[in-house]
Amino acid sequence: MSFINLREKIVQIKIVYYGPGRGGKTTNLEYINRKFNKQIQSEMVSLKTHGDRTLFFDFLPFDMGKIKGYEMKIQLYTVPGQVKYNATRKLVLKGVDGIVFVADAQEQMREKNIRSLNQLYENLQTYKQSIFKIPLVLQFNKVDLRNQGIPILPTSVLKKDMNSKLKVPSFEASALTGYNVPETLKKIISSTVVSIQKKLL
Amino acid sequence: MNYGVVSQEQLEKIDEILTEKLIKIGVDCVIIIDMAGNIITAKDNGTSKYDVYSFAALAAGNFATVDAMAKLVGEEEFSLLFHKGTDCNIHFSKIDDELLLISMFGKDISLGFLRLNVVETIEQIKKLWARD
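Residues numbered from 1 in each chain as written. Chains lettered and ligands numbered in written order. Predicted model: local features only at pLDDT ≥ 70, side-chain atom pairs only at ≥ 80, totals over all residues.

Trainee: Help me understand the environment of A:Ile74, please; the structure alone is not making it clear to me.
Mentor: Mapping A:Ile74 onto the fold places it in strand 5 (residues 70-78). Setting aside anything within four residues of it in sequence, one finds A:Ile74 in contact with A:Ile13, A:Ile15, A:Phe62, A:Met64 and A:Ile189. (Helix = DSSP H or I, 4+ residues; strand = E, 2+ residues; numbered from the N terminus. Contact = placed C-beta atoms within 7 Å.)

Here is the structure:
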């Protein structure tokens, strides 16, 4: 749930990057942190294990400027992707306003993507939120690996797997090179802001 | 009570309470956050500058973790937390199911005195909401 401070005219919006382990959620945030450093006043916070896997979450506050006189503070979070950390994933989803689902486009990850998306559906239900109603953007990450001869699922297959019912905006992307990372971010911010406006009006 | 939007008047009254009860006794910084990690309000003594947004995100995560641990040992909740440092200490106290009061303070205040004031602060804030 977004929080609106009427006195200081600040809107805080929580956007969570969700998806299977080693899918590139943290890499998305790291790219945003490098690319938009002017809009980011504080350090990115990462709670990770010694092996550089996300343990709890990453956090990146992002200033988007003003809409109708209100300062938009976007709070970007990631969840830990590893299967065993579902309790933590649920905690991070509390009060979420918008979600980017980062899928791994490698052929061998097909099943893990679908499982993770199903779990997102269940986790949102525990907060009485519906995956069909919350602002959501799909990102098919790692398409750059195609050039290295690694088998990548065609976007049509990924869409059929994950987006045939959801019908949400989707992007092919490469979090490592930044391809479509800003586009994904812009899309989720705009969908989320529109949804918050609708709720308030 | 609607946490999504807190009225200007409510916020001003909360700030008054925080200043009167906590900042004036020497607390460096007080933040009220919700369990999702949003900042409801933050007050400091003018000299301490903390990155309150990151702090709120971490504090909400921290409290949620401790809450989950409480359930594992059969407790309903651990309603307060205290972290002790050399120069700075942090005290967390639950206001209700959705809100958390966080105080950062140095060596000059005793924990007992702070806790008494935190309890009074929370009572006053709750009254404020009950009235509205």
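Let's pick the thread back up.
Trainee: Could you clarify how one ought to interpret the pairing of strand 5 of chain A in this entry?
Mentor: Regular strands place side chains that alternate from one sheet face to the opposite one. All names here are of chain A. For strand 2 (residues 10-18) and strand 5, the ladder comprises eight bridges, and the chain directions are parallel. Each residue of the ladder has a partner; that of Gln-12, found in strand 5, is Lys-73. Both strand 4 (residues 54-67) and strand 5 contribute to a ladder of seven bridges, which runs antiparallel. Bridged to Asp-63 within strand 5 is Lys-73. Connecting the antiparallel pair strand 4 and strand 5 is a turn made up of two residues, with Lys-68 showing a positive phi of about 50°. (Pairing = 2+ DSSP bridges.)

Trainee: Is there a simple way to think about the interface of chain B and chain A in this case?
Mentor: Where interface size is given, it is often the accessible area lost as the parts come together that is meant. Taken together, the contact between chain B and chain A spans 21 residues of the former and 19 residues of the latter. Those elements that provide at least two residues to the side of chain B that touches chain A are helix 1 (8-23), strand 3 (39-44) and helix 2 (52-72) of chain B. Top contributing element to the side of chain B that touches chain A by residue count: helix 2 of chain B, with seven residues.

Trainee: Mind showing me how you'd approach the packing of helix 1 (residues 25-35) of chain A against helix 5 (residues 181-200) of chain A here?
Mentor: A pair of packed helices can be characterised by two numbers: the angle between their axes and the separation between those axes. Residues and elements named next belong to chain A. Running from amino to carboxyl end, helix 1 crosses helix 5 at an angle of 95°, the nearest separation of the two axes being 10 Å. The angle between the axes of helix 1 and helix 5 places the two elements in the roughly perpendicular class. Contacts from Asn-28, Tyr-31, Ile-32 and Lys-35 of helix 1 reach helix 5 at Val-181, Pro-182 and Leu-185. Considered class by class, the residues forming the contact of helix 1 with helix 5 number five nonpolar, one polar and one charged. (Axes fitted to C-alpha atoms, helices over the stretch in contact; angles between N-to-C directions. Parallel < 35°, antiparallel > 145°, perpendicular 65-115°, else oblique. Nonpolar A, V, L, I, M, F, W, Y, C, P; charged D, E, K, R; others polar.)

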